[in-house]
Amino acid sequence: MSEPRNRYSAVSLTLHWVIAALVIGQVLLIMAHDATDGPMSRSFVNLHKSDGLLILVLTLARIGWRVANPALPLPDAMPRWQKIFARTTHVLFYVVLLALPLTGWMASSAAGRAIEWFGLFNWPLLPVGGGREAARSLMGVHALVVKGLYVLIALHVAGALKHHFIDRDNVLHRMIPIIPRRP
Ligand code: HEM
Ligand code: HEM
């Protein structure tokens, strides 16, 4: 009998942790933008836009990788509803990680604001009309989806800690391999 698959590839681990760090960075950049004024404040938003579009590219790559390499099975001891709940939050994460950059990109496009990607080149704008009014509505959606992101992060981290400290299984170990494996 073949060994059950019990570890994520280096690609899956790297994508998970790089995207997680960039997402937290996005929130910190907006906090820095809110706390400052003038050119400095604007440069935080510009960085937020570049960083967000990088998340879009990485998330598309991650979805491609995930389709080719299905997720590891969840522990047999988990009740069916918990498995469905965990998988649903993962799918919703992908939806949110696409919706946030897309609404941001569409808003910049509607307002006709150029996006200089990390100062390297002008990121193409989408053919979205409607001017400032459309941009404002799209930013309303952006801010609403952000609330969903916060709920997902809270559920996700609570779930990871429950696996580690209450269920005492290896789900956290396989995403953070430096945590010792439980027998
Ligand atoms: C904003 C930050 C984060 C995002 C967007 C995120 C997103 C995701 C997604 C989408 C998956 C599912 C992978 C798949 O099967 O397709 C996942 C798995 C996982 N994440 Fe996160 N994550 C974040 C932060 C964290 C943190 C802080 C922890 C630890 C405390 C964590 C622990 C895990 C674990 C243990 C799994 C594996 C679940 C399994 O093996 O089925 N994540 N994460
Ligand atoms: C996964 C990627 C992204 C995340 C996690 C994210 C997150 C956030 C958060 C937390 C806020 C603050 C919302 C509020 O105050 O209610 C925000 C605002 C904003 N975001 Fe994003 N965002 C992302 C991608 C983008 C992209 C790609 C763009 C544009 C190309 C963008 C443009 C903006 C703008 C213009 C604001 C308003 C800043 C202001 O207060 O003037 N975002 N975003």
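Structural notes, computed from the coordinates. (Residues numbered from 1 in each chain as written. Chains lettered and ligands numbered in written order. Predicted model: local features only at pLDDT ≥ 70, side-chain atom pairs only at ≥ 80, totals over all residues. Heavy atoms only, no water.)

1. Re the overall build of the chain
Right, so step 1: When helices and strands are counted, the chain shows 5 helices and 2 strands.
Right, so step 2: Each helix and strand of the chain, ordered N terminal to C terminal, gives the series α-α-α-β-β-α-α.
Right, so step 3: If you line up the chain on its principal axes, its C-alpha atoms span 60 × 35 × 30 Å.
Right, so step 4: A burial count over the chain gives 33% of its 183 residues as buried.
Right, so step 5: Excluding contacts between residues fewer than 6 apart, the proportion of contacts in the chain whose partners are at least 24 apart in sequence is 64%.
Right, so step 6: If the 18 positive side-chain charges of the chain are averaged to one point and the 9 negative ones to another, these points end up 5 Å apart. (Helix = DSSP H or I, 4+ residues; strand = E, 2+ residues; numbered from the N terminus. Buried < 20%, exposed > 50% of the residue type's maximum accessible area, 1.4 Å probe, protein only. Contact = heavy atoms within 4.5 Å. Lys, Arg positive; Asp, Glu negative; His and termini not counted. Charge placed at Lys NZ, Arg CZ, Asp CG, Glu CD.)

2. Describing the site of ligand 2
Right, so step 1: Taken together, 20 residues lie near ligand 2, and Gln-26, His-33, His-48, Met-139 and His-142 sit nearest.
Right, so step 2: Here an oxygen atom of ligand 2 and a side-chain polar atom of His-33 are 3.1 Å apart.
Right, so step 3: Taking His-142, its side chain carries an N or O atom lying 2.9 Å from a nitrogen atom of ligand 2.
Right, so step 4: Taking a 2 Å distance to the grid points as the criterion, the majority of the atoms of ligand 2 fall inside the second largest pocket. (Near = heavy atom within 4 Å. Polar contact = N/O pair within 3.5 Å; in protein donor to acceptor, adjacent residues only side chain to side chain. 1 Å grid on protein atoms, 1.4 Å probe; cavity = no way out; pocket = protein on both sides within 12 Å on 5 of 7 lines; lining within 4 Å. Sits in = over half its atoms within 2 Å of the grid points.)

3. A closer look at the site of ligand 1
Right, so step 1: Close to ligand 1 lie 21 residues, the nearest being Tyr-8, His-16, Arg-66, Tyr-94 and His-156.
Right, so step 2: Interatomic distance of 2.9 Å between a side-chain N/O atom of Tyr-8 and an oxygen atom of ligand 1.
Right, so step 3: Arg-87 has a polar side-chain atom sitting 3.4 Å from an oxygen atom of ligand 1.
Right, so step 4: Counting atoms within 2 Å of the grid points, the majority share of ligand 1 lands in the largest pocket.
Right, so step 5: Residue assignment for the shell around ligand 1 shows that the elements contributing at least two residues are helix H1 (10–35), helix H2 (38–68), helix H3 (80–111), helix H4 (131–167) and helix H5 (171–175).

4. Some details on the coordination of the iron atom of ligand 1
Right, so step 1: Distances from the iron atom of ligand 1 to its protein donors, His-16 (NE2) and His-156 (NE2), fall at 1.9 to 2.0 Å.
Right, so step 2: With 6 donor atoms in place around the iron atom of ligand 1 and angles of 86 to 178 degrees between them, the coordination shape is octahedral. Here His-156 lies in helix H4 and His-16 lies in helix H1, a separation of 140 residues in the sequence.
Right, so step 3: Residue His-16 is classed as buried on the basis of its relative accessible area, which comes to 12%. (Donors = N, O, S within 2.8 Å, 3.2 Å for Na, K, Ca; no water. Tetrahedral: all angles 85-135°; square planar, octahedral: opposite > 155°, others 65-115°.)

5. Some remarks on H4
Right, so step 1: Here H4 is 37 residues long and its end C-alpha atoms lie 52 Å apart, about the 54 Å a rise of 1.5 Å per residue gives.
Right, so step 2: Those residues of H4 not exposed but buried are Ala-134, Ala-135, Leu-138, His-142, Val-145, Leu-149, Leu-152, His-163 and His-164.
Right, so step 3: Looking one or two places after H4, you find Arg-168, whose phi comes out positive at around 55 degrees. (Expected span 1.5 Å × (residues − 1).)

6. Structural notes on the pattern of salt bridges
Right, so step 1: Going through the model one piece at a time under the given rule, you end up with 1 salt bridge.
Right, so step 2: A salt bridge links Asp-167 to Lys-162, with the shortest nitrogen-to-oxygen separation between them at 3.0 Å. (Salt bridge = Lys/Arg side-chain N within 4 Å of Asp/Glu carboxyl O.)

7. Looking at the nonpolar core
Right, so step 1: If you look at the biggest cluster of nonpolar residues, it comprises 13 residues, and the most contacted ones within it are Ile-19, Val-23, Ile-55, Val-96 and Leu-149.
Right, so step 2: Of all the elements in the fold, those that place two or more residues in this core are H1, H2, H3 and H4.
Right, so step 3: Other than its neighbours up to four places away in sequence, Ile-19 contacts Ile-55, Leu-58, Thr-59, Arg-62 and Leu-97.
Right, so step 4: Membership of the second largest hydrophobic core comes to 6 residues, among which are Leu-56, Trp-105, Ile-115 and Trp-117. (Core = buried A, V, L, I, M, F, W, Y, C linked by side-chain atoms within 4.5 Å.)

8. Brief notes about unusual backbone geometry
Right, so step 1: Despite not being glycine, Phe-118 has its phi angle at roughly 45 degrees, a positive value.
Right, so step 2: The backbone of Arg-168 sits at a positive phi, close to 55 degrees, despite the residue not being glycine.
Right, so step 3: When you line up the elements, Arg-168 lands in the loop between H4 and H5.

9. Regarding the coordination of the iron atom of ligand 2
Right, so step 1: Protein-derived ligands of the iron atom of ligand 2 are His-48 (NE2) and His-142 (NE2), with the metal-ligand distances lying across 2.0 to 2.1 Å.
Right, so step 2: In this structure, the iron atom of ligand 2 is coordinated by 6 donor atoms arranged in octahedral fashion, with angles at the metal of 87 to 179 degrees. With a gap of 94 residues between them, His-48 in helix H2 and His-142 in helix H4 connect regions that are remote in the sequence.
Right, so step 3: In this structure His-48 comes out as buried when scored by relative accessible area, which is 14%.
Right, so step 4: For His-142, a relative accessible area of 14% gives the class buried.

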